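The primary structure of each chain is shown beneath.
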Amino acid sequence: QVQLVESGGGLVQAGGSLRLSCAASGRTFSTYAMGWFRQGPGEERDFVATINKSGDTSYADSVKGRFTISRNNAKNTVYLQMNSLKPEDTAVYYCAADPLGADEYNYWGQGTQVTVSS
């Protein structure tokens, strides 16, 4: 069982920055692919970014060049640095763990709210 706890959300003005963190339990964090997803009001949950165990990353087109996903395996933590935030980035952000690296996210955090004001 993997437990994920997100933090770092909040209210920010357009153009600002936030860094989200996701702390994971378990001794095998370094072997997991990790992802960030978001769900805006009245919308479905969408992919934002992912990082595999080798550190390779992938991003949704909507955040490419503005967001950066990274991980610190010594701290069992994955981060999402969000720059040049836009009002359309407003959403609940979730981190998720893919233990097998098979694009199957079996474990999810509770989410953290990000609100970007115009």
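In what follows, the structure referred to is the one given above.
First, a word on what this report is: a plain description of the structure on this page. As a convention, each chain's residues are numbered from 1 in the sequence order in which they are written. The model is predicted, so local features are restricted to residues of pLDDT at least 70 and side-chain atom pairs to those at 80 or more, both for listing and for counting; the totals for chains, interfaces and linings are taken over all residues. Values reported for side chains reflect all heavy atoms of the structure, with hydrogen atoms and water molecules removed beforehand.

Let us look at the overall build of the chain. For the chain, the helix and strand inventory stands at 0 helices and 11 strands. From first element to last, N terminus to C terminus, the chain shows the α and β order β-β-β-β-β-β-β-β-β-β-β. With C-alpha atoms as the basis for the radius of gyration, the globule rule is written as 2.2 Å multiplied by the number of residues raised to the power 0.38. In terms of C-alpha radius of gyration, the chain reaches 13 Å, essentially the compact-globule figure of 13 Å for 118 residues. The rule is simple: take the accessible area with a 1.4 Å probe, protein chains only, and divide by the maximum for that residue type; under 20% is buried, over 50% is exposed, in between is partly exposed. Put simply, the chain has 118 residues, and 43% of those count as buried. Across the chain, every contact between residues at least 6 apart in sequence was considered, and the portion connecting residues at least 24 apart equals 55%. Surface summary for the chain: the accessible area is close to 6200 Å², and the carbon and sulfur share equals 44%. Only DSSP runs of H or I covering at least 4 residues are called helices, and only runs of E covering at least 2 are called strands; the numbering of each starts at the N terminus. Here, two residues are considered to be in contact whenever any of their heavy atoms come within 4.5 Å of each other. Each accessible area is a Shrake-Rupley estimate made with a 1.4 Å probe; only the visible protein chains count as cover when residues are assessed.

On to the sheet that holds strand β8 (residues 77-82). With respect to topology, 4 strands assemble into an open sheet ordered β1-β3-β8-β7, the strand pairing being antiparallel. Each of the sheet's edge strands pairs with one partner strand only, and the pair in question is β1 (4-7) and β7 (67-72). Averaged over all adjacent pairs, the angle separating strand axes in this sheet is 15 degrees, with direction ignored. Any two strands are treated as partners once DSSP identifies two or more bridges connecting them. Relative to β8, strand β3 (residues 18-24) is paired through 6 bridges, and the arrangement is antiparallel. Its bridge partner being in β8, cysteine 22 is matched across the sheet by valine 78. Lines fitted to C-alpha atoms define the axes, with helix axes restricted to the stretch in contact, and inter-axis angles between N-to-C directions lie between 0 and 180 degrees.

Attention now moves to the pairing of strand β5 (residues 45-51). As paired strands, strand β4 (residues 33-39) and β5 are joined by 6 bridges and run antiparallel to one another. Bridging across to β5, tryptophan 36 finds its partner in alanine 49. Counted along the chain from β4 to the antiparallel partner β5, the turn is 5 residues long, and its residue glycine 42 has a positive phi close to 70 degrees. Pairing of β5 with strand β6 (residues 57-59) involves 3 bridges; the strand directions are antiparallel. Counted as the bridge partner of alanine 49 is tyrosine 59 from β6.

Next up on the list: the state of the cysteines. Here, two cysteine sulfur atoms that lie within 2.5 Å of each other are counted as a disulfide. In the structure shown here, the tally under the stated rule is 1 disulfide. The side chain of cysteine 22 participates in a disulfide bridge whose partner is cysteine 95; the two sulfur atoms lie 1.9 Å from each other. Taking the torsion about the sulfur-sulfur bond, which here is approximately 40 degrees, the covalent link between cysteine 22 and cysteine 95 counts as right-handed. One end of the pair, cysteine 22, is in strand β3; the other, cysteine 95, is in strand β9 (residues 91-98), with 73 residues separating them in the sequence. Here cysteine 22 matches cysteine 95 in class, with each residue buried.

Another point: the packing of aromatic side chains. Each Phe, Tyr or Trp ring (for Trp, its six-membered ring) is paired with any other whose centre lies within 6.5 Å, and the angle between the two planes then decides the class: stacked below 30 degrees, edge-to-face above 60, tilted in between. If you walk through the whole model with that rule in mind, you get 4 aromatic pairs. Arranged with centres 5.9 Å apart and planes meeting at 75 degrees, the rings of phenylalanine 37 and phenylalanine 47 form a pair that is edge-to-face. Of this pair, phenylalanine 37 sits in strand β4 while phenylalanine 47 sits in strand β5, and the two are 10 residues apart along the sequence. The buried category is assigned to phenylalanine 37, whose relative accessible area is 10%. Ring geometry for phenylalanine 37 versus tryptophan 108: centroids 4.9 Å apart, planes at 55 degrees, classification tilted. Taken together, the residues phenylalanine 37 in strand β4 and tryptophan 108 in strand β10 (residues 107-108) connect sequence positions 71 residues apart. Judged by its relative accessible area of 33%, tryptophan 108 falls in the partly exposed class.

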